[in-house]
Amino acid sequence: MKNTTTTVQGIEVYENKIWQLVDEYINTVLCIHQEDYDSVEKYKKDIADNRIDMFFYISDRIEKPGNDDIELLDKIFNIYIRICGRYGISPTLQMFSLMVGINNGTFSDWVDGQYRVGSKHGETVKKWKEICAGFALDKLHNQTGTNANLIFACKVAYGMAETAPVQADHVQGIPQQSAQQIADKYKDALELPEMERPKL
């Protein structure tokens, strides 16, 4: 699984330095290669299990964008979520903030309008948060079983809530009666005279 693209001349190149650093981390720090695995899923899991170290590795080797360049930050975020998508990592604003060297609280300030009011910063961070929430929700919907940790994270980090199940007695159009009420309603039918048995 290469993180390069091929030019029309047939040369493999990296679209940006971050993808180059991802491969460098996998090959030189983790020292793993996809061909050594019997499945791509196991290879991706080993990378995902080391995601924090990988994003710190990237952070230590990229030029940090300034807080004022929201368009550049948005481009880096798009690379970040593609890395997460490729290796089965749930993206979070916290991890992205560590990678780009901007305090996560700064993102919250932008969303709350406490800083950079009137710029695209707040709306952009809201978009990022929605994308992270979407990844988490997609993971919940597409896994077998229940993941209580992920459900908790969705509630806390993204404000999601479980919907209460509809109680059977509140379903419209279906009368709810007890067995006794049904018996009382049809008791006349139960009190029919007994028929004579036919002779064989």
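Residues numbered from 1 in each chain as written. Predicted model: local features only at pLDDT ≥ 70, side-chain atom pairs only at ≥ 80, totals over all residues. Heavy atoms only, no water.

On to the overall build of the protein chain, then. When helices and strands are tallied, the protein chain shows ten helices and two strands. Starting at the N terminus and ending at the C terminus, the protein chain contains elements arranged as β-β-α-α-α-α-α-α-α-α-α-α. Residues counted as buried form 27% of the 200 residues belonging to the protein chain. Relative to all contacts within the protein chain whose residues are 6 or more apart in sequence, the contacts with residues 24 or more apart total 57%. In the form shown here, the protein chain has an accessible surface area of approximately 13,900 Å², with 52% of it arising from carbon and sulfur atoms. (Helix = DSSP H or I, 4+ residues; strand = E, 2+ residues; numbered from the N terminus. Buried < 20%, exposed > 50% of the residue type's maximum accessible area, 1.4 Å probe, protein only. Contact = heavy atoms within 4.5 Å. Areas by Shrake-Rupley, 256 points an atom, 1.4 Å probe, with all protein chains shown as cover.)

A contiguous nonpolar surface patch, about 240 Å² in accessible area, is contributed by Ile52, Phe56 and Leu98. Here leucine 98 shows up in helix α5 (residues 93–100). Note on leucine 98: relative accessible area 33%, which makes it partly exposed. (Patch = residues over 30% accessible without salt bridge, like charges linked within 9 Å, V, L, I, M, F, W, Y side chains within 5 Å. Salt bridge = Lys/Arg side-chain N within 4 Å of Asp/Glu carboxyl O.)

This paragraph deals with the packing of helix α3 (residues 51–61) against α5. Two elements in contact, α3 and α5, have axes separated by 7 Å at closest approach and are oriented at 30 degrees. As judged from the angle between their axes, α3 and α5 are roughly parallel. Residues Ile52, Phe55, Phe56, Ile58 and Ser59 of α3 touch α5, and the partners they reach there are Met95, Leu98 and Met99. (Axes fitted to C-alpha atoms, helices over the stretch in contact; angles between N-to-C directions. Parallel < 35°, antiparallel > 145°, perpendicular 65-115°, else oblique.)

Turning to the pattern of salt bridges, a few remarks are in order. Inspection of the entire model under this criterion finds five salt bridges. The shortest N-O distance in the salt bridge between lysine 120 and glutamate 71 comes to 3.6 Å. A residue pair is termed long-range when its members are at least 10 positions apart, and lysine 120 in the loop between α6 (104–112) and α7 (121–141) and glutamate 71 in helix α4 (residues 70–87) qualify at 49 residues. Accessibility expressed as a relative area gives 54% for lysine 120, which makes it exposed. The salt bridge involving lysine 126 is made with glutamate 123; its shortest N-O contact spans 3.4 Å. A residue pair is termed a helical-turn pair when its members lie 3 or 4 positions apart in one helix, as lysine 126 and glutamate 123 do in helix α7 at three residues. Given a relative accessible area of 34%, lysine 126 falls into the partly exposed group.

Turning next to α7. With 21 residues, α7 ought to run about 30 Å at 1.5 Å a step, and its terminal C-alpha atoms sit 30 Å apart, in line with that. Listed in full, the buried residues belonging to α7 are His121, Gly122, Thr124, Val125, Trp128, Cys132, Ala133 and Ala136. (Expected span 1.5 Å × (residues − 1).)

Within the span of α3, buried status applies to Met54, Phe55, Tyr57, Ile58 and Ser59. Elements that come into contact with the buried residues of α3 comprise α1 (17–29), α2 (40–49), α4 and α5.

This part is about the packing of aromatic side chains. Counted according to the given criterion, the structure contains eleven aromatic pairs. For the ring pair phenylalanine 96 and tryptophan 128, a centre distance of 5.1 Å and an interplane angle of 70 degrees mean the geometry is edge-to-face. With a gap of 32 residues between them, phenylalanine 96 in helix α5 and tryptophan 128 in helix α7 connect regions that are remote in the sequence. A single burial state applies to phenylalanine 96 and to tryptophan 128, both of which are buried. Between the aromatic rings of phenylalanine 107 and tryptophan 110, the centroid separation amounts to 5.5 Å while the plane-to-plane angle is 55 degrees, which identifies the pairing as tilted. Here phenylalanine 107 and its partner tryptophan 110 are both found in helix α6, three residues apart, which amounts to about one turn of the helix. Residue class for tryptophan 110 comes out buried when judged on its relative accessible area of 2%. Members of the aromatic cluster, each reached through a chain of ring pairs, are Phe55, Phe77, Tyr80, Phe96, Phe107, Trp110 and Trp128. The ring of tyrosine 57 carries arginine 61 above its face, with NZ or CZ at 3.6 Å from the centroid. (Phe/Tyr/Trp six-rings, centres within 6.5 Å; stacked < 30°, edge-to-face > 60°. Lys NZ or Arg CZ within 6 Å of the ring centre and 35° of its normal.)

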